[in-house]
Amino acid sequence: MNNSFGHSFVITTFGESHGVGLGVVVDGCPAGLELCEADIQRELDRRKPGQSRITTSRKEEDRVQVLSGIYQGRTLGTPIGMVIYNGDAKSDHYDDLKDLYRPGHADFTYDARFGFRDHRGGGRASNREAVGRVAGGAVAKALLETLLGTACLSWVEQVHQTKILVDPQTVTLEAIEANEVRCPDPKAASLMIEAILAAKAKGNSLGGKIGFVVKGLPAGLGAPVFDKLTADLAKALMSIPATRSVSFGLGEEATLLTGLEHNDLFVSKGNRIGTVTNRAGGVLGGMSNGEPLWGHVTFKPTATLLVDQDSVNRSGEALTFKAKGRHDPCVLPRAVPNVDAMVNLVLADHLLRFVSADLSRLKKALS
Ligand SMILES: Cc1cc2nc3c(=O)[nH]c(=O)nc-3n(C[C@H](O)[C@H](O)[C@H](O)COP(=O)(O)O)c2cc1C
């Protein structure tokens, strides 16, 4: 089954939107990492529903319970088991939808694959599954911060027609968290919030784009050829529900430049080799080059709409329905912690693999 992710730092998530609970098992985290429940809870609090008028009104405390793998504030090197119980599932909202295929949702494809599904709140296709990723991502974040003093920072850069250019070099967590839409530009944030509220008032929804950056990575993270950093990041990020695309550096814009305009020229930067510009997004040949790793993830408009829509049921009968459940009119603000988590998980995995990729590093580790 396909509910695990990673090679050396592995997460397995479990749970459905309206089941008893959800969670994660993190395997491969080295022993001795300082970590407590509060570090994990902090990340879950950023993700939890019911935070503002532009997110779903489902109220979940999302209180994490650590079952194993952490003792006296440090990791044991054994599997870290974490569970988050569901508290505010209103499953009767979904009674009428049992046999219905909601447009833009995974109802039809889950039935096509499994023949049987938990229809309540989207089951496992729901973004509630992300509590496991975010809890696992918090462990990865602690590892990256301890070893490298860095972790992923992501923000909302576009909601529908409102777009800004954010400089990944200078963006800060304070600016991102200063408003409910998590856009570091306050003027653009107000326009985005207005647009989301206007769409919500009509029962409609909006999509957009998230930017991310990680500064301070060493050169050489990533495993050619199939597990390139870009390939693993793209897979990790595309596993977040509602994602449409992932790009690195200038992304598609690179197609409009000539090679002369696009190449980042190498220079000596004190004790390391770096590049003058960073159009590549900090990756060459699928490995980090020591410059900030940066890119974008795009998301579609939320599938749940509070207006009449035509569809069919399991038997192919045509019908019209209107959703009743609570939903995010725009998934972007709450997807920011998902992006952070998935990027941190990939980097933690590659950091552990990096250590064993070179004999001199291994000798040093064993000396
Ligand atoms: C943070 C976040 C919140 C989401 N909230 C909702 C929601 O409230 N309603 C909804 O229809 N979809 C929501 N989604 C998206 C659906 O889970 C997803 O679109 C659906 O399962 C179909 O999968 P796909 O879009 O990947 O094809 C959310 C996604 C994310 C990342």
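As the structure is a prediction and not an experimental result, all values here were calculated from the model. (Residues numbered from 1 in each chain as written. Predicted model: local features only at pLDDT ≥ 70, side-chain atom pairs only at ≥ 80, totals over all residues. Heavy atoms only, no water.)

Turning our eyes to something else, we now look at the packing of helix 6 (residues 229-238) against helix 8 (residues 332-355). Two elements in contact, helix 6 and helix 8, have axes separated by 9 Å at closest approach and are oriented at 145°. The hand of the helix 6/helix 8 crossing is right-handed. Only V339, M342, V343, V346, L347, H350 and R353 of helix 8 make contact with helix 6, whose side of the interface consists of L229, D232, L233, A236 and L237. Here the contact of helix 6 with helix 8 is composed, by residue class, of nine nonpolar, one polar and two charged. (Axes fitted to C-alpha atoms, helices over the stretch in contact; angles between N-to-C directions. Helix = DSSP H or I, 4+ residues; strand = E, 2+ residues; numbered from the N terminus. Left-handed = near helix turned anticlockwise from the far one by under 90°. Contact = heavy atoms within 4.5 Å. Nonpolar A, V, L, I, M, F, W, Y, C, P; charged D, E, K, R; others polar.)

With that settled, the discussion passes to the packing of aromatic side chains. Inspection of every chain in the model, using the stated rule, returns three aromatic pairs. Consider the rings of Y101 and F108, whose centres lie 5.3 Å apart with planes at 70°: the pair is edge-to-face. According to the relative accessible area criterion, Y101 is buried, its value standing at 12%. Lying across the ring of F354, R361 places its NZ or CZ 3.6 Å from the centre. (Phe/Tyr/Trp six-rings, centres within 6.5 Å; stacked < 30°, edge-to-face > 60°. Buried < 20%, exposed > 50% of the residue type's maximum accessible area, 1.4 Å probe, protein only. Lys NZ or Arg CZ within 6 Å of the ring centre and 35° of its normal.)

The next point concerns the sheet that holds strand 19 (residues 318-321). Within a beta sheet, neighbouring strands are joined by backbone hydrogen bonds and run either parallel or antiparallel to one another. If you trace the three strands from one edge of the open sheet to the other, you get 8-18-19, paired in antiparallel fashion. Two strands in the sheet have a free side with no partner beyond their single neighbour: strand 8 (100-101) and strand 19. Where strand 18 (residues 309-313) meets strand 19, four bridges bridge the pair, whose relative direction is antiparallel. The residue of strand 19 that forms the bridge with Q309 is F321. (Pairing = 2+ DSSP bridges.)

Here five strands make up an open sheet; going across it, the order is 1-2-3-7-4 and the pairing antiparallel. Among the strands making up the open sheet, the edge pair consists of strand 1 (4-5) and strand 4 (64-66). Where strand 3 (residues 21-27) meets strand 7 (residues 80-85), six bridges bridge the pair, whose relative direction is antiparallel. Looking at strand 7, one finds that G21 is bridged to Y85. Packing of helix 3 (residues 130-148) onto the sheet brings it into contact with strand 2 (10-14), strand 3 and strand 7, and relative to strand 3 it is tilted by some 35°.

This next bit is on the side chain of R117. With respect to the element layout, R117 can be found in the loop between helix 2 (107-114) and helix 3. According to the relative accessible area criterion, R117 is buried, its value standing at 14%. From its side chain, R117 meets the backbone oxygen of D107 in a polar contact 3.4 Å long. Looking at R117, its side chain comes within polar contact range of the side chain of D111, at 3.3 Å. For R117, the contacting residues outside a window of four places in its chain are L97, K98, L100, Y101, D107, Y110 and D111. (Polar contact = N/O pair within 3.5 Å; in protein donor to acceptor, adjacent residues only side chain to side chain.)

So, about the site of the ligand. The full set close to the ligand counts 18 residues, and H105, A242, K300, T304 and D328 are the nearest of them. Separating an oxygen atom of the ligand from a backbone N or O atom of A242 is a distance of 3.0 Å. For the ligand, an oxygen atom lies 2.7 Å from a polar atom in the backbone of D328. For the ligand, whose accessible area on its own is 630 Å², the fraction buried by protein is 85%. Of the residues that constitute the shell around the ligand, the class distribution is seven nonpolar, seven polar and four charged. (Near = heavy atom within 4 Å. Areas by Shrake-Rupley, 256 points an atom, 1.4 Å probe, with all protein chains shown as cover.)

Looking now at the pattern of salt bridges. This model, assessed by the stated rule, comprises 27 salt bridges. The shortest N-O distance in the salt bridge between D118 and R120 comes to 2.8 Å. Taking relative accessible area as the criterion, D118 reaches 23% and is therefore assigned partly exposed. We classify R120 as partly exposed; its relative accessible area is 27%. Shared partners join several salt bridges into a network, and the residues in it are E43, R46, K141, E177, R182 and D340. (Salt bridge = Lys/Arg side-chain N within 4 Å of Asp/Glu carboxyl O.)

Let's shift gears to a nonpolar patch on the surface. A grouping of L265, V267 and V276 is seen on the molecular surface, where their side chains present a nonpolar patch of about 270 Å² in accessible area. You can see L265 is positioned in the loop between helix 7 (259-262) and strand 13 (266-269). Classification of L265 as exposed rests on a relative accessible area of 57%. (Patch = residues over 30% accessible without salt bridge, like charges linked within 9 Å, V, L, I, M, F, W, Y side chains within 5 Å.)

Attention shifts here to the environment of G136. Within the secondary structure, G136 is located in helix 3. Judged by its relative accessible area of 0%, G136 is buried. Taking the C-alpha atoms as reference points, G136 and V10, separated by 126 residues in sequence, lie 9.0 Å from one another. Look past the residues within four positions of G136 in its chain and what remains in contact with it is F9, I11, V24, V26, M82 and L345.

Before going further, it helps to spend a moment on the UniProt feature "binding site: FMN" (unreviewed entry) in the protein chain. Within the UniProt annotation, "binding site: FMN" (unreviewed entry) is assigned to R124, A125, S126, G285, K300, P301, T302, A303, T304 and R326. Spanning 203 residues, the named residues are also spread out in space, since their farthest C-alpha pair is 43.7 Å apart. Tracing the sequence through the fold places K300 in the loop between strand 17 (293-299) and strand 18. Judged by relative accessible area, which is 22%, K300 ranks as partly exposed. Excluding residues that lie within four positions of it along the chain, K300 makes contacts with G104, L206, G207, A242 and R244. Among the polar contacts made by the side chain of K300, one reaches the main-chain carbonyl oxygen of G104 at a distance of 2.9 Å. As for its position among the elements, T302 is in the loop between strand 17 and strand 18. Taking relative accessible area as the criterion, T302 reaches 13% and is therefore assigned buried. With residues near it in sequence (within four places) discarded, T302 still touches S205, L206, H327, D328, P329, C330 and V331. (UniProt positions renumbered as here; feature names shortened; annotations may be inferred.)

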